[in-house]
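# Fold and contact review
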Amino acid sequence: MIHDRDALADSPAQEVALDCIEAGIAAAQPERVVRESVTLDGDQLRVGDEILDLGAFETVLVLGAGKGAAHVARVLEEVLGDALDGGVVVTDNPVETARLEVLPGDHPVPSERGVESAATVRERATRADGETLVLAAFTGGGSALLPAPADGVSLSDLRAVTDALLDSGAPIEDVNAVRKHCSALKGGQLARVVAPATVVTLLFSDVVGDDSATIASGPTVPDPTTFADALAVLERYGIDAPDAVAERLRRGVAGEVPETPTDDDAAFDRVRTHVLADAWTALGAAREAARAADYRTLVLSSRVTGEAREAAETHAAVAAEMVATGNPMDPPAVVLSGGETTVTVRGDGDGGPNCEFALSAAGSLPDGAVVASVDTDGKDGKSGVAGALVDAETVTDWRAADAALDDSDAATYLRQRGALVKTGPTGTNVNDLRVMVVGTPSE
C-alpha cells in the first residue's frame, strides 16, 4: 500500500508506525466494510441492522458522490447483482462497473465537469418514484465532487468561496454550512428531488463526530444549519465572498429564498441513514496492529481538530511525558489519534494538514519516538501525498523547516528529507490517522 516503504522505514519503530497506517486504511476499504454491512439473501436486503424487502420495489438505484463513492458502488453492484437497475456516482477516483455510470468530478475545488456530473445525478433522481429504492452512497469529498450551483450562483462563485474558506482554516462543518446554502442538492435537497422514493443512505464518515449532515454536505439528510449560520461563517473568518454568494445568503436570511429542509420535512419520511465506517474503523485496526507488535496502546482521541501545528505540539508533549515519567503509560507504547486538523494557509507552498503536523511534531519528539500522520484517502491537502513519517532526526535545519511552515510548504521540506508517505488514492476516507510510536519492546 505504501510506496517505497523499504526506503522510508529504517527502524523497528518506523516499521510499526507504517504497519498501523496500513492496517487502519485497509480496515476502512469499501470492499471490506460494505460486504460486512450489506448482504442479500433472496429478496431480503440487510443494511446494518435494517432489513428491506426488495420485492416491494420496482427499481433499485445507487446514487452518490465522494472520493470513495465508486468503490462503494462497485461493491453494492456485486452484492445486489441482477437486483440492481443502475445508478450514477461522481468521483475523482473511478473504477469500472457493469451497471452504474461513474462520472468525473474534482476535489477540493469544484469543477465544470463536476457540475455536469451532478446534473446527471439530479436528472436520474427526478425519475425515482414511490416504488424506487435508492441506495445513496456518500463519502468524504462529496461536497466538492457534487457541485450543483443554486440559482444565481455560478461555478466560479462556488470555487472562489470554497478556496477562501479552505485557506482560512475553517472547520469542515462551517465550510459546508456555506456550501449547502449555495447548492441545489446539498443540505437535504437531493432527498426532496428523489421523494417519494425510499432512500437508504450509506456513509463513510470523514468528519469529526460523524455528523451525517456534514458528510458530503448531507444531500439526503436534514440540515440543521441556516442561511444565517452560513452568513455568520463568512463574517467569522473574514471571507470576501463573491457578490452572488453574499447576496443569496442575505436574501435567505430575509426569507426571500427557501431554507434547506429540516427534520420535520416530508422529504425525510422514507429516508434512513447508516454510517458504515468512520475514524474508529481505522483506529481500531491500527490499535490491533500495534498490540500484535507487543506495544501498549492508547487512543488519545478520534476527534482531534484545530491547527495542525498546535495539535502536533500536544502529541509530542505526550511522547515526552511518557519517556520522562511513564504517564499516561510506560513505553514501549503506540499512541493513536484521528480527527481532522486544519491549516490556515499563510503562503503558496506545497503541503497539507498531515505534512504540517508531522513537520511541526518532529522538533519536539524525544529520541527514539516516531510519528506518522496521513489522510486516509491518500491525499493530504495540496501535497499530492498521504502524509509523512518523522522522528527527532528528520529536521537538520530548523531555520529552513520553520520557513517551510511559514510558507505552508511542509511537503516540500519533507520531500527533501525522504519523509513523505505515498499511497495514491486509497478508495476510502475516514479522516486523518496519526500514529506515534514511543520506544520498542526490546527496550
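In what follows, the structure referred to is the one given above.
The sections below set out a description of the structure shown in this document. (Residues numbered from 1 in each chain as written. Predicted model: local features only at pLDDT ≥ 70, side-chain atom pairs only at ≥ 80, totals over all residues. Heavy atoms only, no water.)

### Digging into helix H13 (residues 308-325)
The end-to-end C-alpha distance of H13 is 26 Å, a good match for the 26 Å that 18 residues give at a rise of 1.5 Å each. Of the positions making up H13, those classed as buried are Ala308, Arg309, Ala311, Ala312, His315, Ala316, Val318, Ala319 and Met322. Following H13 by one or two positions, Gly326 adopts a phi angle in the positive range, close to 80 degrees. (Helix = DSSP H or I, 4+ residues; strand = E, 2+ residues; numbered from the N terminus. Expected span 1.5 Å × (residues − 1). Buried < 20%, exposed > 50% of the residue type's maximum accessible area, 1.4 Å probe, protein only.)

### Things to note about the packing of aromatic side chains
This structure, assessed with the given rule, holds 0 aromatic pairs. The residue whose ring lies beneath Arg434 is Phe357, and the NZ or CZ to ring-centre distance is 5.4 Å. (Phe/Tyr/Trp six-rings, centres within 6.5 Å; stacked < 30°, edge-to-face > 60°. Lys NZ or Arg CZ within 6 Å of the ring centre and 35° of its normal.)

### Things to note about the side chain of Asn93
Position of Asn93 among the secondary structure elements: in the loop between strand E5 (86-91) and strand E6 (101-104). Looking at Asn93, its side chain comes within polar contact range of the side chain of His71, at 3.1 Å. Ignoring any residue separated from it by four or fewer positions in sequence, one finds Asn93 in contact with Lys67, Ala70, His71, Pro425, Thr426 and Gly427. (Polar contact = N/O pair within 3.5 Å; in protein donor to acceptor, adjacent residues only side chain to side chain. Contact = heavy atoms within 4.5 Å.)

### Describing the sheet that holds strand E4 (residues 59-65)
Where strands meet in a sheet, backbone hydrogen bonds hold them as pairs that are either parallel or antiparallel. With respect to topology, 6 strands assemble into an open sheet ordered E6-E5-E4-E7-E8-E9, the strand pairing being parallel. The two strands at the open ends of the sheet, each matched to only one other strand, are E6 and strand E9 (271-277). Averaged over all pairs of adjacent strands, the angle between strand axes in this sheet comes to 15 degrees, irrespective of strand direction. As judged from the 4 bridges shared by E5 and E6, these two strands associate in the parallel manner. Counterpart to Val89 in the pairing with E6 is Val102. (Pairing = 2+ DSSP bridges. Axes fitted to C-alpha atoms, helices over the stretch in contact; angles between N-to-C directions.)

### Quick look at helix H10 (residues 227-236)
Within the span of H10, buried status applies to Phe227, Ala230, Leu231, Val233 and Leu234. Across the axial projection of H10, the buried residues extend over an arc of 150 degrees, all falling on one side. Set apart from the buried face of H10 by more than 90 degrees, the exposed residues are Glu235 and Arg236. Those residues of H10 that are buried lie in contact with helix H7 (155-168), helix H8 (172-180) and helix H11 (243-253). Looking at the residues trailing H10, positive phi occurs at Gly238, about 60 degrees. (Arc of directions from axis to C-beta.)

### Some thoughts on the layout of surface pockets
In this structure, the largest pocket spans a volume of roughly 840 Å³. Looking at the lining of the largest pocket, the elements that each hand over two or more residues are helix H6 (142-145), H7, H8 and helix H14 (353-362). Partitioning the lining of the largest pocket into residue classes produces 13 nonpolar, 17 polar and 16 charged. As a volume, the second largest pocket reaches approximately 240 Å³. Lining the second largest pocket are 14 residues, with Ala150, Asp151, Gln189, Arg248 and Val257 positioned closest to its centre. Residue composition of the lining of the second largest pocket, grouped by class: 5 nonpolar, 4 polar and 5 charged. (1 Å grid on protein atoms, 1.4 Å probe; cavity = no way out; pocket = protein on both sides within 12 Å on 5 of 7 lines; lining within 4 Å. Points joined across faces, edges and corners; volume = space filled by probe spheres on them. Nonpolar A, V, L, I, M, F, W, Y, C, P; charged D, E, K, R; others polar.)

### Overview of the pattern of salt bridges
On inspection of all chains with the given rule, the structure shows 19 salt bridges. Linking Glu256 and Arg251 is a salt bridge whose minimum nitrogen-to-oxygen distance equals 3.3 Å. Judged by its relative accessible area of 32%, Arg251 falls in the partly exposed class. The partner of Arg309 in a salt bridge is Glu356, with the nearest N and O atoms 3.0 Å apart. Of this pair, Arg309 sits in helix H13 while Glu356 sits in helix H14, placing them 47 residues apart in sequence. The class for Arg309 is buried, based on a relative accessible area of 19%. Beyond isolated ion pairs, a larger network of salt bridges with shared partners links Arg5, Glu15, Asp19 and Glu22. (Salt bridge = Lys/Arg side-chain N within 4 Å of Asp/Glu carboxyl O.)

Just geometry here; none of it tells us what the structure is for.
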